[in-house]
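Residues per chain are reported as follows:
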Amino acid sequence: GQEIIGNGQTYVVLQSHTLQADWFPESTPSLYKLKAEGEWPEWVQPTGAQDAYMTGDKVHYPDSDGPVYESAIDNNVWSPEAYPAAWQLVE
């Protein structure tokens, strides 16, 4: 997923949106998730090409405590369970 920097912290963009001046990452949890160092976001069902996973994107699946998977293809809109060939288990 796409990332942005806000207040010196890195956030993962969870939903595609048009930026608005009053939509700060820390006040809009539906749009952003704080990315800790070495931490990967939880897999979220993409809504289309604009937020599909690209080759090399890493996510936890099926939840934030699940193992890390890396997308093996571009424009990946499938979960590791739905299309295992599109993902590689990392850790």
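A brief report on the enclosed structure follows.

### A closer look at the overall build of the chain
For step 1, the next point in the chain: In terms of regular secondary structure, the chain is built from zero helices and six strands.
For step 2, the next point in the chain: Per-residue burial for the chain yields a buried fraction of 30% across its 91 residues.
For step 3, the next point in the chain: Only carbon and sulfur atoms are counted for the fraction: they give 52% of the accessible area of the chain, which is about 5,800 Å².

### Regarding the sheet that holds strand β6 (residues 87-89)
Each strand in a sheet pairs with its neighbour through backbone hydrogen bonds, running either in the same direction (parallel) or in the opposite one (antiparallel).
For step 1, the next point in the chain: Strand order in this open sheet of three strands is β4-β5-β6, and the pairing throughout is antiparallel. This sheet does not close on itself; its edge strands, each paired only once, are β4 (58-60) and β6. In this sheet, neighbouring strand axes are inclined to one another by 35 degrees on average, regardless of whether the strands run parallel or antiparallel.
For step 2, the next point in the chain: In this structure, β4 lies alongside strand β5 (residues 68-71), joined through three bridges in antiparallel fashion.

### Regarding the side chain of Ser71
For step 1, the next point in the chain: With respect to the element layout, Ser71 can be found in strand β5.
For step 2, the next point in the chain: Within polar-contact distance, the side chain of Ser71 engages the backbone oxygen of Ile73 at 2.7 Å.
For step 3, the next point in the chain: Each residue touching Ser71, except ones within four places of it in the same chain, is listed here: Tyr53, Met54, Thr55, Gly56, Asp57, Asn76, Ala86 and Trp87.

### With respect to the packing of aromatic side chains
Two measures describe an aromatic ring pair: the distance that separates the ring centres and the angle between the ring planes.
For step 1, the next point in the chain: Evaluation of the coordinates by the stated rule reveals four aromatic pairs.
For step 2, the next point in the chain: Seen in terms of ring centroids, Tyr53 and Trp87 are 5.6 Å apart; in terms of plane orientation they differ by 70 degrees. Their pairing is edge-to-face. Residue Tyr53 is located in the loop between β3 (32-34) and β4, and its partner Trp87 is located in strand β6; the two are separated by 34 residues in the primary sequence. Pair check on accessibility: Tyr53 and Trp87 agree, each one buried.
For step 3, the next point in the chain: Plain terms: the ring middles of Tyr61 and Tyr69 are 6.3 Å apart, the flat faces sit at 80 degrees to each other, and that makes the pair edge-to-face.
For step 4, the next point in the chain: One aromatic cluster is present, formed by Trp43, Tyr61 and Tyr69 through successive ring pairs.

### A word on the pairing of β5
For step 1, the next point in the chain: Sheet topology places β5 next to β6; three bridges connect them, and they run antiparallel. Bridge pairing in β6 places Ser71 opposite Trp87.

### Points about the environment of Gly56
For step 1, the next point in the chain: Tracing the backbone shows Gly56 in the loop between β3 and β4.
For step 2, the next point in the chain: The class of Gly56 is partly exposed, set by a relative accessible area of 34%.
For step 3, the next point in the chain: With near-sequence residues (within four places) excluded, Gly56 lies in contact with Glu70 and Ser71.

What counts as what
- Residue positions within a chain follow its written sequence, with the count starting from 1.
- Note on the predicted model: pLDDT of at least 70 is required for a residue's local features to be given, and 80 or more for side-chain atom pairs to be given and counted; whole-chain, interface and lining totals, by contrast, use all residues.
- Excluding hydrogens and water, the side-chain figures rest on all heavy atoms present in the structure.
- Helix and strand definitions follow DSSP, with helices as H or I runs of at least four residues and strands as E runs of at least two, each counted in order from the N terminus.
- Categorising residues by exposure relies on relative accessible area from a 1.4 Å probe, with only protein chains included: less than 20% of the type maximum marks a residue as buried, more than 50% marks it as exposed, and the intermediate range marks it as partly exposed.
- To be clear on the numbers: accessible area is Shrake-Rupley with a 1.4 Å probe, and residue cover counts the displayed protein chains and nothing else.
- Note on pairing: DSSP must find at least two bridges between two strands before they are called paired.
- Axis definition: a line fitted to C-alpha atoms, over the contacting stretch in the case of helices. Angles run 0 to 180 degrees between N-to-C directions.
- In the analysis that follows, any N or O atom pair within 3.5 Å is treated as a polar contact, provided that within protein one partner can donate a hydrogen and the other can accept it, and provided that, for residues neighboring in sequence, both atoms belong to side chains.
- We call two residues in contact when some of their heavy atoms are within 4.5 Å.
- Ring pairs are drawn from Phe, Tyr and Trp, using the six-membered ring of Trp, whenever the two centres fall within 6.5 Å, and their geometry is named by plane angle: stacked under 30 degrees, edge-to-face over 60, tilted for the rest.

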